[in-house]
Amino acid sequence: MSPPSAFIFSTFTPKEGFSAMAGQVLLWLGFAAAAVSGFAYYRTAMKKQYALRLARRSFGLMAASVVTASVLLMVYILRHQFEYAYIYAYSSTDLAKELLVTTFWAGQEGSFLFWALCSALIGIALQRYTQKHKVEFEVMAVYGFVQAFLMLLLIAKSPFKYIWDAYPEQMAVGAIPPEGKGLNPLLQNFWMIIHPPILFVGFAAMAVPFCFAAAALWRRTYNEWVPNALPWVLFGVLWLGAGIIIGGYWAYGVLGWGGWWGWDPVENSSLIPWITGIALLHTLVVQKLTGNLVRTNFFLAILTFSLVVYSTFLTRSGILGSASVHSFTDPGSFVYTLLAAWLVGSAGLGFGLLAKRWSELKRLAGKVGMLTRESLISIMTAALAASAIIIFFGTSWPIVGNSSVDPSFYDRMNLPIAIALGFVLGISLLVMWRQESAQGLLNRASFAVGGSALVVIGLLFAGLDDWSMGLLAFASLFAFFVNLTHGYRLSKQGWFMVGGPLAHIGLALLFLGIIGSGFYGQKATTSLTQGEPKEVLGHMLTYTGSQPTEDGKWKFTVTAEHAGSSFLLEPVMFKSTYNDQIMRNPDYATFLTKDFYIEPVSLEKGAVTDHTHDTFELQKGIPITIADMTVTFVRFDMNQHGMEGMTGGEGFPVGAVLEVVRGGKKETVTAVTLYKEGQQPEFKPAMLKDGKTGFSMLSMNINPENKTSSIRVDVAGLHDHAEQPAGPDMLVIEASVKPFVSLIWVAATLMSVGLILSIVSKLRTARLEREIKIQSDQKRGNGKHRPVQEKELV
């Protein structure tokens, strides 16, 4: 961020100065209150000092401070107070109100405050929850210290910093910019209102299982914490997963990435804790029902929150600045150190406690048969862990390798894991808890196996030709049919019982959607001359022109015809005043079994032409006759040597090697086109030895699906006529067909609904168990003692 060149100077009154300091004071107050609350809860839990009232009031003061600071920042944003460096950097007066609100969490400082706000509000709910379950002291002690560290980060990276404090050498005290820098155009979208807040709620919620686990290790309550933590794990993975999939939909429909998931390092850093959280969810159920996987649960609970902190470190430290489109800039060495210390401190506390109690946990482990439900869930956990390790390795590679891992690495390595997960999701529901269930397994699986085989046979006829994709499809369908029948049986006990099967069905459909849209999608880059129809991927496309939009962008109209129906696509391109780059928004049409998707690449304005030039379409390897010549397009040449004599020297050169036969003599020449970001392509003609005939490559069309390519060339020197008016414009697009991509969105919805139903089910179960325990205690005469003890502590 650079300071503006023009300012409005003002003199601050004492009242305005005090108001400006209020935000920073509130952050310090929140930090101190969180630290005091954590320490007071610790003293209470250790029964060294009865400070429960101080602990609770301090936590409430922290929450009030964070809420007030958040309200204050929002007021400053809405009032366009550009004397604050954060507000200047991310907002402007021309933003719509709903987008102006999103600038709260658009940058590092504001997003830290929003995270602290989510964490404070969740903490209030957690405080009441732990009071009911009699674990308030130890759990809230850990949570208080977690919140204190988050507040310390916020103080170091405060959104209430004056612009003249941020740039002391460039700004005079009291100089206020007349306008803000504005919000990145890519973020000026409806999904900016929803996606980041949901993700931050998920991040904040993942601290709760960590606190339960750390408190349980501290107090040696190795089994009691499981039912208390289970609803919070469900809550965390629900919000984190929803944030991830909404981000994917945003990328697919608006940002023009050509897909919904690109294995971007920052995307991955949110996915990894979600994967480990899903594993923790299942292993907690195993411990609750069988008493096994005690060590595994503590390890996963600590690891999941540590990965959330690691995600924050990757995103906010600037370490991935060149490897990810999401990464923030370098926040400074002090904040970098704090982020690293938070990561080391969280992991050190959790894993240190686990190591200290490791030998005590050994005797809690029981023997597990090979074909029991808990053993299969253990295998599933191992598979999820392998996936997390693979993604962690690829995501972290830019830190040590100075380069990014190719997306195909993730696809290739996760494929066998996905196949294993599909089979385990099905088989685990066909066996029993605690006892071997091999007998009759084939009979119980016959419906799912038969249904899966029939559908795969149908897919083979429809074009499925890869054995690995066929195996993944079979495994996914097997999981689908098993969970469908299992869910039907559970639905007879109540609608809230079907959460697990519904989420598993969603995962199976997700895998099927990935097969269709990811592995069997088609993509082609082509150019559309205005007014001239052209067949692309089975669709007849016609570029009809462009027009400006109300917000200063350019909309390009493309009519498409397919199977007797026609539809209109209107992708958008514009030059951003924010970063002076060309921005592209795709457009797509959704059908029952596919999406047809186009993304604009560039617009080539019609040039003044003369009749000494003619244009021809050349298919690779197919010779055509042009005047007295036979011309063959041989191959593409991506070497840099063809750029000599071209202006600038920067860009991406593409050469087309042509073989020309004339009068029995053969010449091989290379026509080079230099593509530059935000500029018209530059052409270097390939001249024959006669010095008159030349070839310029105007456009190229590559279809990876059927491995064909073609170019459009301009041939100069054929005739001798006068100049004519400019030719038509040419829109370069990337078109793609994405089969069954709608399954992705259906799957995400089912998984979210399933998790919500599971939360309802767990809360109902916990309430019933608590009521039974209270009745049992009352019968034994123990029910009256705990309230008396708590009253004494207060």
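Residues numbered from 1 in each chain as written. Predicted model: local features only at pLDDT ≥ 70, side-chain atom pairs only at ≥ 80, totals over all residues. Heavy atoms only, no water.

Q: Let's hear about the overall build of the chain: which residues, and what values?
A: For the chain, the count of helices and strands is 20 helices and 23 strands. Among the 794 residues that make up the chain, the fraction classed as buried is 53%. Once local pairs closer than 6 in sequence are excluded, the contacts in the chain between residues at least 24 apart make up 71%. When the accessible surface of the chain is summed, it comes to about 36200 Å², and 61% of that surface belongs to carbon and sulfur atoms. (Helix = DSSP H or I, 4+ residues; strand = E, 2+ residues; numbered from the N terminus. Buried < 20%, exposed > 50% of the residue type's maximum accessible area, 1.4 Å probe, protein only. Contact = heavy atoms within 4.5 Å. Areas by Shrake-Rupley, 256 points an atom, 1.4 Å probe, with all protein chains shown as cover.)

Q: Break down the sheet that holds strand S18 (residues 682-684) for me, citing the residues and quoting the values.
A: In space, the five strands of this open sheet follow the order S14-S15-S16-S17-S18, with antiparallel pairing throughout. Looking along the sheet, the strands with just one partner apiece sit at the ends: strand S14 (624-626) and S18. In this sheet, adjacent strand axes meet at a mean angle of 30 degrees when their direction is disregarded. Note: strand S16 (residues 652-662) against strand S17 (residues 665-675), eleven bridges, orientation antiparallel. Residue pairing for S17: glutamate 659 is matched across the bridge by threonine 668. (Pairing = 2+ DSSP bridges. Axes fitted to C-alpha atoms, helices over the stretch in contact; angles between N-to-C directions.)

Q: Can you break down the side chain of threonine 130 residue by residue, with the values?
A: Within the element layout of this structure, threonine 130 appears in helix H5 (residues 108-132). Residue contacts for threonine 130: discarding those within four places in its chain leaves Val135, Glu136, Val139, Met140 and Phe212.

Q: Quick rundown of the environment of threonine 395? Include the residues and the values.
A: Here threonine 395 is to be found in helix H14 (residues 373-401). Classification of threonine 395 by relative accessible area gives buried; the value is 0%. Only 3.2 Å separates the side chain of threonine 395 from the side chain of asparagine 268, close enough to count as a polar contact. Here the side chain of threonine 395 touches isoleucine 391 through a polar contact of 2.6 Å, landing on its backbone oxygen. (Polar contact = N/O pair within 3.5 Å; in protein donor to acceptor, adjacent residues only side chain to side chain.)

Q: Describe H5, naming the residues involved and giving the relevant values.
A: Between its first and last C-alpha atoms H5 spans 36 Å; for 25 residues at 1.5 Å apiece the expected length is 36 Å, and the two agree. Where burial is concerned, most of H5 is hidden: 19 out of the 25 residues are buried. Lysine 134 sits one or two residues past H5 and shows a positive phi near 60 degrees. (Expected span 1.5 Å × (residues − 1).)

Q: Can you break down unusual backbone geometry residue by residue, with the values?
A: Of note, the phi angle at histidine 80 is positive, near 55 degrees, even though the residue is not glycine. If you trace the backbone, histidine 80 turns up in the loop between helix H2 (52-78) and helix H3 (85-90).

Q: Describe the packing of H5 against helix H8 (residues 191-205), listing the residues and the values that go with them.
A: Interhelical geometry of H5 versus H8 gives an angle of 55 degrees and a closest axis separation of 9 Å. Relative to H8, the element H5 lies oblique. Considering the relative orientation of H5 and H8, their crossing is right-handed. Two secondary-structure elements touch here, H5 through Ser111, Phe114, Trp115, Cys118, Ser119 and Ile122 and H8 through Pro197, Phe200, Val201, Phe203, Ala204 and Ala205. (Parallel < 35°, antiparallel > 145°, perpendicular 65-115°, else oblique. Left-handed = near helix turned anticlockwise from the far one by under 90°.)

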